[in-house]
Amino acid sequence: MRMIVGFLRKALVLQVRFTLTASPTPQSLHFLLHHFYPFSSSSTSIPTSERSESFTVSYLIDSCGLSHEDALSASKLLRFETPEKPDSVLAFFNSHGFSKSQTSKIVKSLPRLLASDPDKTLLPKLQFFYSKGASKPDVAKIVVSTPGILKRSLENQIIPSFNFLKDFLQSDEMAITVVKRFSRILLFDLHTYVASNMNALQEFGVPKSNIAGLLMYRPMAFMVNPNLFRKNLEEVKKMGFNPSQMKFVLAIQAMRAGGESCWERKIDIYKKWGWSEEEIRLAFTKSPWCMIYSEDKIMAKMDFFVNKMGRESSLIAHRPFLIGLSLEKRIIPRYSVVQVLLSKGLINKDISLVVLFESTEKTFLERFVNAYKEEAPQLMKLYQEKINL
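Residues numbered from 1 in each chain as written. Predicted model: local features only at pLDDT ≥ 70, side-chain atom pairs only at ≥ 80, totals over all residues. Heavy atoms only, no water.

Visitor: Requested: an account of the overall build of the chain, with residues and values cited.
Guide: Along the backbone of the chain there are 23 helices and zero strands. Across the 389 residues in the chain, those meeting the buried criterion constitute 46%. Considering only contacts in the chain between residues 6 or more positions apart, those separated by 24 or more positions represent 71%. Carbon and sulfur atoms form 53% of the exposed surface of the chain, whose accessible area is close to 20800 Å². (Helix = DSSP H or I, 4+ residues; strand = E, 2+ residues; numbered from the N terminus. Buried < 20%, exposed > 50% of the residue type's maximum accessible area, 1.4 Å probe, protein only. Contact = heavy atoms within 4.5 Å. Areas by Shrake-Rupley, 256 points an atom, 1.4 Å probe, with all protein chains shown as cover.)

And the structure:
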């Protein structure tokens, strides 16, 4: 009988070893370890490191929402055999309003945080942002977008960077606005990038209020090599933009949005619609925003005006403001009203795009809806339905 029991024990141990070498799932590995490990002798027991890795992987999947692949990768940086410490970290994030998906993203990016003492290493950073007027949802978004904030020094990096923004903007509230839009700005040496580029703008005659506006709404525009930034300033000035006007910083913002490759792609899009280089320059000087909108939005607007409405693309180059209008909330609802009026012969088909789309809501309703209540009483209902869609 003893020989049989010994044989069975050896067979079970061999089965465990075979399973361990066959890339088991965390669930199957946990099952085997739980049921078979007690039978193995001291000479054939499973190493502690392997048990620890199995528990870590299972925990990362079950408690943190990581995929099996991400959990395996994270387990190379982090090992634990009991859930107490990682549980305390997850509970900490939950108590500060982080959703499960937000916490999962943070753990995936920085798995070693699960081994930290949240009250000593994490809480002071969150409290700093709270003290500057950020709400819990704000702080959660800041941290999720830039988890690296949690491993940087509060005293040596985060506070000095924040104070730099506050000193220039003269307000904690405005500084927090910048951080919410581009939280990675706190991780940079702001004197190397932001301060140098601010000085360049001032040298070109840009008012401080306009520099502050650019910093608040497009902080990424400052995160560029100072030499390249000065080159952009020279180019914008040569195009005829006045540094004392807000259009100048909007033009800088447009040139920096997405980098040089994105700028070239948008130029190519307009050329595909038949715009000449002169028309592109004209449109840009009238409305720098035409080079800030996404490529998909540019394509969708041009397609609607040219293919749907049958207008010449060059007309849009002279009225680039049209590209910034909402397709769903303005262009399509108003065009739907015009189609009904055209079908009834109540208006001319060559109606101006400016009159149709750039007029205020009140003017549009008076001119194209209320003026034809008797001839087309369904227009208001149609218009409101299209807007709601």
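Visitor: Talk me through the pattern of salt bridges; I want residue IDs and the actual numbers.
Guide: The final tally for this structure, using the stated rule, is nine salt bridges. The partner of Glu278 in a salt bridge is Arg281, and the shortest N-O contact between them spans 2.8 Å. Of this pair, Glu278 and Arg281 both sit in helix H17 (residues 277-286), three residues apart, roughly one helical turn. Look at Arg281 and you get partly exposed, because its relative accessible area is 34%. (Salt bridge = Lys/Arg side-chain N within 4 Å of Asp/Glu carboxyl O.)

Visitor: I'd like a description of the packing of helix H16 (residues 259-272) against helix H18 (residues 295-308), backed by residues and values.
Guide: At a closest axis distance of 10 Å, the pairing of H16 and H18 adopts a crossing angle of 10 degrees. The angle between H16 and H18 falls in the class roughly parallel. The segment H16 lies against H18, with Cys262, Arg265, Lys266, Ile269 and Tyr270 engaging Glu295, Ile298 and Met299. Residue classes in the contact of H16 with H18 are distributed as five nonpolar, no polar and three charged. (Axes fitted to C-alpha atoms, helices over the stretch in contact; angles between N-to-C directions. Parallel < 35°, antiparallel > 145°, perpendicular 65-115°, else oblique. Nonpolar A, V, L, I, M, F, W, Y, C, P; charged D, E, K, R; others polar.)

Visitor: Just give me the short version of helix H4 (residues 68-75), but keep the residues and values in it.
Guide: Among all positions of H4, only Ala71, Ala74 and Ser75 are buried. Looking straight down H4, one finds that the buried residues subtend no more than 100 degrees of arc, so they occupy a single side. (Arc of directions from axis to C-beta.)

Visitor: How would you explain the environment of Gly324 if you had to name every residue and give the values?
Guide: Inspection of the secondary structure assignment puts Gly324 in the loop between helix H19 (313-318) and helix H20 (327-343). The class of Gly324 is partly exposed, set by a relative accessible area of 35%. Considered as a pair, Gly324 and Cys290 are 34 residues apart in the sequence and their alpha carbons are 7.0 Å apart. For Gly324, the residues in contact, after removing those within four places along its chain, are Tyr293 and Lys301.

Visitor: Hey, could you go over helix H15 (residues 246-256) for me, with residue numbers and the actual values?
Guide: For H15, the buried fraction is high: nine of the 11 residues fall into the buried class. Buried residues of H15: Phe248, Val249, Leu250, Ala251, Ile252, Gln253, Ala254, Met255 and Arg256, and no others. Tucked into the core, H15 has its buried residues touching helix H12 (191-203), helix H13 (208-217), helix H14 (226-238), H16 and H17. Looking one or two places after H15, you find Gly258, whose phi comes out positive at around 85 degrees.

Visitor: Provide a residue-level description of the packing of aromatic side chains, including the pertinent values.
Guide: Counted according to the given criterion, the structure contains 18 aromatic pairs. Seen in terms of ring centroids, Phe92 and Phe93 are 5.7 Å apart; in terms of plane orientation they differ by 65 degrees. Their pairing is edge-to-face. Each member of the pair, Phe92 together with Phe93, is buried. With centroids separated by 5.0 Å and ring planes inclined at 65 degrees, the aromatic side chains of Phe93 and Phe98 adopt a geometry described as edge-to-face. (Phe/Tyr/Trp six-rings, centres within 6.5 Å; stacked < 30°, edge-to-face > 60°.)

Visitor: I'd like a rundown of unusual backbone geometry, residues and numbers included.
Guide: Glycine aside, residues mostly have negative phi, and peptide bonds are mostly found in the trans state. Backbone geometry at Gln170 places phi at a positive 65 degrees, although glycine is not the residue there. Since its relative accessible area comes to 62%, Gln170 is described here as exposed.

Visitor: Describe the nonpolar core, listing the residues and the values that go with them.
Guide: Soluble globular proteins: nonpolar side chains tend toward being buried together. Of all hydrophobic cores here, the largest spans 118 residues; its most connected members are Phe129, Leu165, Ile185, Leu215 and Phe357. The residues touching Phe357, leaving out its near neighbours within four places in the chain, are Phe305, Met309, Leu322, Leu325, Arg330, Ile331, Arg334 and Tyr335. (Core = buried A, V, L, I, M, F, W, Y, C linked by side-chain atoms within 4.5 Å.)

Visitor: Could you give an account of the side chain of Ser104, naming the residues involved and the relevant values?
Guide: Checked against the element boundaries, Ser104 lands in helix H6 (residues 100-109). Since its relative accessible area comes to 15%, Ser104 is described here as buried. At 2.9 Å, the side chain of Ser104 and the backbone oxygen of Cys64 are in polar contact. Excluding residues within four positions of it along the chain, Ser104 makes contact with Cys64, Gly65 and Leu66. (Polar contact = N/O pair within 3.5 Å; in protein donor to acceptor, adjacent residues only side chain to side chain.)

Visitor: Outline the packing of H6 against helix H9 (residues 136-145), listing residues and values.
Guide: One way to put it is that H6 packs onto H9 with a least axis distance of 9 Å and a crossing angle of 30 degrees. Looking at the two axes, H6 sits roughly parallel to H9. At the point where H6 passes H9, the crossing takes the left-handed sense. Residues Gln102, Lys105 and Ile106 of H6 pack against Ala140, Lys141, Val143 and Val144 of H9. (Left-handed = near helix turned anticlockwise from the far one by under 90°.)

Visitor: So what about the environment of Val178? Which residues, and what values?
Guide: Position of Val178 relative to the elements: it lies in helix H11 (residues 172-181). In this structure Val178 comes out as buried when scored by relative accessible area, which is 0%. As for Val178 and Pro219, which are separated by 41 residues in sequence, their C-alpha atoms are 6.6 Å apart. In this structure Val178 touches Leu165, Leu169, Ile185, Leu215, Met216 and Pro219, once residues within four positions along its chain are discounted.

Visitor: An account of the side chain of Ser116 is needed here, citing residue identities and associated values.
Guide: You can see Ser116 is positioned in the loop between H6 and helix H7 (118-121). Of the polar contacts made by the side chain of Ser116, one reaches the backbone oxygen of Leu113; its length is 2.5 Å. Non-local contacts of Ser116, meaning those with residues more than four positions away in its chain, are made with Lys85, Val89, Thr121 and Leu122.

Visitor: If you had to explain the confidence of the model for the chain to someone new, which residues and values would you point to?
Guide: Any segment with low pLDDT has predicted coordinates that should not be analysed in fine detail. Scored by pLDDT, the chain has a mean of 87; 86% of the residues are at 70 or more. Every residue in residues 1-48 scores below 50 in pLDDT, and together they form 37 contacts with partners more than four places removed in sequence or on other chains. (pLDDT = per-residue confidence, 0-100.)

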